[in-house]
Amino acid sequence: MFKKYFPLIIIFVIAIFLRFYKLGTFRCLNWDEASFGYNAYSILKTGRDEYGVKFPLQFKSVGDYKAPLYIYLSVPVIKVFGLNEFSVRFMPAFLGSLCIILFYFLTKELFNKERISLIAALMLAISPWHIQFTKAGADVGVGTFFTLLGIYGFIKGTKGSKWGYLFSAIGFVGSIYSYFAERLFVPLIALFLLFYFKKEIKKTKNNFLIAILAGLLLIIPIVPSLVSGGHEEKILKTTIFGYHRSDEYIQKINEEDKSVVLYSLYHTDIFENGWGALNHYFNHFSPSFLFSEGVEEDPRQFIFNMGMLYLFDIPLILIGIYQIIRKKEKYLMVIVAWLLIAPIPAAITKDLVSARRSFNMIYPLLIISAYGFSMMIDWLKNQSKKAQIIFKLSGIGFFVFLFSYYLLSYYILTPPKGYAGPSGWHCGYKELVSYINEIKEDKKVVIDTTYQGPYIFFLFYEKYDPAKYQSQARLVQESENSLGEGAGYDNYIFKSIYWPGDRGDLNTIFAGPEERLPQKDLQKTEVEILNSIYFLDGKEAFKVVRTLR
Amino acid sequence: MKKSKFTKLISKEKNRVGLILILFILISPWLWVLIRNSNIDMYKNIKLINFKDEAIIDQINISRGEMSKTNVPSIFGRIIVNKVSFYSIEVTKRYLETFDPQYLFFNGDLDINKSTRSNGPLYLSFLPLLLIGIYSSILNKDKLKLYLLGIFPLIGAFIENHYESITRIPVFILLSYFSSYGLIYLYKRKKWLALLIVFLILFEFSRFVHDFLIHYPGRLNL
């Protein structure tokens, strides 16, 4: 047994290492991670979320709604390791590592070839795309494990496995509990699988019915939150369904068209949003996104000078597509459908491209790539020895270069490029909280909200008693479409600092960026400059000052 | 006798492909924009990426600066972060941009003189035909055209401006060829689907003409 799975065990160890190495330290905590962590801590201590809702199935935090499973799974981890970065990132890293094993067995089910399965598992273990979201506190890192389990279980079920469908039901329902994008992907892929395997399902209908029943039972608790106002708000905030074109734009179009017919033909809301969604959909198949640039606009998805896959995947995917079609592989349609359905959740959102919401693309792409690689090995066997050596050496050289470049980019070159802002890594808060705690005593403390979400970082790093916070929790939103800010607790006020007005608050500590606390306006007679906290690139993040009595 | 019929058939199909190719090129947005703005010197901004480009040198220096703060051996850094590797990355990016669906079918060149910005150089309805055309070329082992598909984007890959269109015209023509080939291939097998795609192409064409005549001049004058 050990001997049989030895290569897989090695690959699993590589996956674990790549996901757990410096897990808690190499990147600043972002506000989503902080809110996942603090809400899990709040559940652990009080059985309620930050707003005092008892065991909720959707968590409202920093004005956003979060799926529940990741938070609940993190509760025992936080119990063991305490509330810190490592605990928050543990579950995605752990389940992400387990994905490699699941992926191995799934690929084995699809092709029944050990070599392809091992290559696929190795490719997933070192995949930049997979590491990006499983080596961080991302709900997609949890959801993806359950989706993979769902698909694997289903394929097993169609082959007559007694537990296959049941695992599939648990997996699919688990992913619905884990991540919002899966709530669209899972029904679509499940529908496809139902339709495509209807003959096999007929043959195994008893197992299938038991699984359906189990799935329904498991999904019932979350149904109310799926039709709740919070869920609707999340959909409207993130998808094109909540996007409204500006009045100026519509007016301009009407003025230029001077015809209702032309407007109705080419410029209706549905048409333009639909066209936009098509554009977003196809962006996910762009070679720039996949191989060379990734998602440059979003620091949490971005890897400097890299796409979401390696460049060596290009020839492998091309060979793989050709060979899979040529050999008319049995599960060709499953791979194609998986790949075509995966970007749909991303296509209907407002972002041009999203590696997070289209995360399910990675599996079919790597299956194809692994298949291509395996075919290339077969092809190489028929070449002359000299050609084999040249090919192998250049291949290994290319791989080593790209993998080294990825590690360099991921660990060293990328972190200083996305350290602030709502989609960044929120650097500076840990140091700020630590410093403020040293000096605050009983003074009033005003923290600027330019970098967004300070309240959740103070709660997180202070390990503030959730029971005490729940009674003070108050969210301030500038508009319906904006995310909110926690207004404050105890002596803390979180708001946008307006120095000409705020400088009058005596014996108060202020922390904010230079724009909010301009050096030229900080008169020595009025304020004492206490400290500066810096981003990774040396730029000042926060200036901490105290107004004198 | 049989041979000559066969030859005739081949030449007939070739003629059809050629005719559709000409039609596809004639209705393609890139040609309309090119003709409309032919009075503008579109070549003046076409420059090769300089191996010693300041942006590339800056990136290398910043990256090496960041690496120097860590324990990474400098020799390792120099092997990976250098002019050759960063220049290659820039060229690869531009090469791959050629196949970017957003560029080809939705927005086109970043320069408003070379694209309407609400259409790509080709129509989205070409896409299924294009894929079918490439697929059938693979099946027919039409290697030359497949090689050309890999070679033509090289021209744009060495141009400084991202998504530059003039240097990618050969690619547009080749893609139009694959589309016309795909249309013939599809028409033989699924006539209704081919006709549906033709209808979609006509709709996209009308949408383009509408935008080109009514909205594009306004954007161009901004």
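Everything numeric in this text was worked out from a predicted model, so none of it was measured. Just so you know, the residues in each chain are numbered from 1, in the order the chain's sequence is written. A letter from A marks each chain and a number from 1 marks each ligand, given out in the order of writing. In keeping with the model being predicted, local features are shown solely for residues with a pLDDT of at least 70 and side-chain atom pairs are shown and tallied solely at 80 or more, while totals for entire chains, interfaces and linings include all residues.

Caption draft 1: Examining the overall build of chain B more closely. Where helices and strands are cited, they refer to DSSP runs of H or I of at least four residues and of E of at least two residues respectively, numbered from the N terminus. Assigned secondary structure in chain B consists of 11 helices and 0 strands. Along chain B, helices and strands appear, N-terminal first, in the series α-α-α-α-α-α-α-α-α-α-α. For chain B, whose C-alpha radius of gyration is 22 Å, the value lies well above the compact-globule estimate of 17 Å for 222 residues. C-alpha extents for chain B along the principal axes are approximately 75 × 45 × 30 Å. Whether a residue is buried, exposed or partly exposed follows from its count of other C-beta atoms within 10 Å of its own C-beta, namely 20 or more, 12 or fewer, or something in between, respectively; the C-beta atoms are built from the backbone. Here chain B, with 222 residues, has 33% of them falling under the buried criterion. C-beta atoms are first placed from the backbone for all residues, and any pair lying within 7 Å is then listed as a contact. Considering only contacts in chain B between residues 6 or more positions apart, those separated by 24 or more positions represent 74%. Here the globule rule reads 2.2 Å times residues to the power 0.38, and the radius of gyration is calculated from C-alpha atoms.

Caption draft 2: Geometry of the overall build of chain A. Along chain A, the regular secondary structure elements total 26 helices and 9 strands. The globule rule puts the C-alpha radius of gyration for 549 residues at 24 Å, and the 26 Å found for chain A is close to it. Considering only C-alpha atoms, chain A reaches an extent of 85 × 60 × 55 Å along its principal axes. Among the 549 residues that make up chain A, the fraction classed as buried is 47%.

Caption draft 3: How the structure looks around the environment of Ile176 of chain A. Residues and elements named next belong to chain A. Positionally, Ile176 belongs in helix α8 (residues 164–178). Separated by 75 residues in the primary sequence, Ile176 and Ile101 place their C-alpha atoms 21 Å from one another. Residues contacting Ile176, with those up to four places away along its chain left out, are Glu182, Arg183, Val186, Ile219 and Ile222.

Caption draft 4: Highlighting the packing of helix α19 (residues 332–341) of chain A against helix α21 (residues 362–381) of chain A. Residues and elements named next belong to chain A. All axes are obtained by fitting lines to C-alpha atoms, using only the stretch in contact for helices, and the reported angles, taken between N-to-C directions, cover 0 to 180 degrees. Relative to each other, α19 and α21 sit at 140°, their axes nearing to 8 Å. In terms of orientation, α19 lies oblique with respect to α21. Of the two elements, α19 crosses α21, and the hand of that crossing is left-handed. Contact with α19, carried on its side by Ile335, Trp338 and Leu339, involves Tyr363, Pro364, Leu365, Ile367 and Ile368 of α21 and no other residues of that element. Three classes are used, and their members are as follows: Ala, Val, Leu, Ile, Met, Phe, Trp, Tyr, Cys and Pro are nonpolar, Asp, Glu, Lys and Arg are charged, and the others, Gly among them, are polar. Of the residues that constitute the contact of α19 with α21, the class distribution is 8 nonpolar, no polar and no charged. The labels follow the angle: roughly parallel below 35 degrees, roughly antiparallel above 145, roughly perpendicular from 65 to 115, and oblique for the rest. By definition, any crossing whose near helix is turned counterclockwise from its far helix by less than a right angle is left-handed, and any crossing with a clockwise turn is right-handed.

Caption draft 5: Summary view of the nonpolar core. Each nonpolar core comprises buried Ala, Val, Leu, Ile, Met, Phe, Trp, Tyr and Cys residues, the members being joined through C-beta atoms within 7 Å. Residues Phe103, Ala120 and Leu148 of chain A are the most contacted members of the largest nonpolar core, which totals 157 residues. Other than its neighbours up to four places away in sequence, Ala120 of chain A contacts Phe103, Tyr104, Thr107, Leu366, Ile367 and Ala370 of chain A. Formed by 32 residues, the second largest nonpolar core is a distinct cluster that contains Phe24, Leu122, Phe172 and Ile197 of chain B.

Caption draft 6: Quick peek at the sheet that holds strand β8 (residues 527–534) of chain A. All names here are of chain A. Any two strands with at least two DSSP bridges between them are considered paired. Strands sit in the order β6-β3-β7-β9-β8 across an open sheet of 5 strands; the sheet is mixed. The strands lining the two open edges of the sheet, one partner per strand, are β6 (492–495) and β8. Between one strand axis and the next, the sheet turns through 15° on average, direction left out of account. Of the pairings in the sheet, the one linking strand β3 (residues 444–448) to β6 comprises 4 bridges and is parallel in character.

Caption draft 7: Seen up close, the environment of Val91 of chain B. All names here are of chain B. Turning to its location among the elements, Val91 is positioned in helix α5 (residues 83–97). As for Val91 and Ala157, which are separated by 66 residues in sequence, their C-alpha atoms are 5.1 Å apart. When residues no more than four places from it in sequence are discounted, the contact partners of Val91 are Ile49, Ala157 and Phe158.

Caption draft 8: Fine view of the interface of chain B and chain A. Residue-level contacts link 24 residues of chain B with 24 residues of chain A. Residue assignment for the side of chain B that touches chain A shows that the elements contributing at least two residues are α3 (54–68), α5, α6 (101–107) and α11 (191–221) of chain B. Split by residue class, the side of chain B that touches chain A holds 12 nonpolar, 7 polar and 5 charged.

Caption draft 9: Local environment of the packing of helix α2 (residues 31–46) of chain A against helix α24 (residues 454–462) of chain A. Residues and elements named next belong to chain A. One way to put it is that α2 packs onto α24 with a least axis distance of 9 Å and a crossing angle of 50°. One finds that α2 runs oblique with respect to α24. Viewed along their axes, α2 and α24 form a crossing whose handedness is left-handed. Between α2 and α24, the contacting residues are Trp31, Ala34, Ser35, Gly37 and Tyr38 on the first element and Ile456, Phe457, Leu459 and Phe460 on the second. Class assignment for the residues of the contact of α2 with α24 results in 7 nonpolar, 2 polar and no charged.

Caption draft 10: Region of interest: the confidence of the model for chain B. pLDDT is a residue-level measure of predictor confidence that goes from 0 to 100. In this model, chain B carries an average pLDDT of 90, and 95% of its residues clear a pLDDT of 70 or more. The ipTM assigned to the predicted complex is 0.92, against a pTM of 0.93.

Caption draft 11: Local environment of the environment of Leu174 of chain B. Residues and elements named next belong to chain B. Structurally, the position occupied by Leu174 is in helix α10 (residues 169–189). C-alpha of Leu174 to C-alpha of Phe152: the two residues are 22 residues apart in sequence and 8.7 Å apart in space. Residues contacting Leu174, with those up to four places away along its chain left out, are Lys145, Leu148, Leu149 and Phe152.

Caption draft 12: Up close: α8 of chain A. Given a rise of 1.5 Å per residue, 15 residues ought to cover 21 Å, and the 21 Å separating the end C-alpha atoms of α8 of chain A matches this to within 8%. α8 of chain A sits mainly inside the fold: 13 of its 15 residues count as buried. Multiply 1.5 Å by the residue count of a helix minus one, and that product is the helix's expected span.

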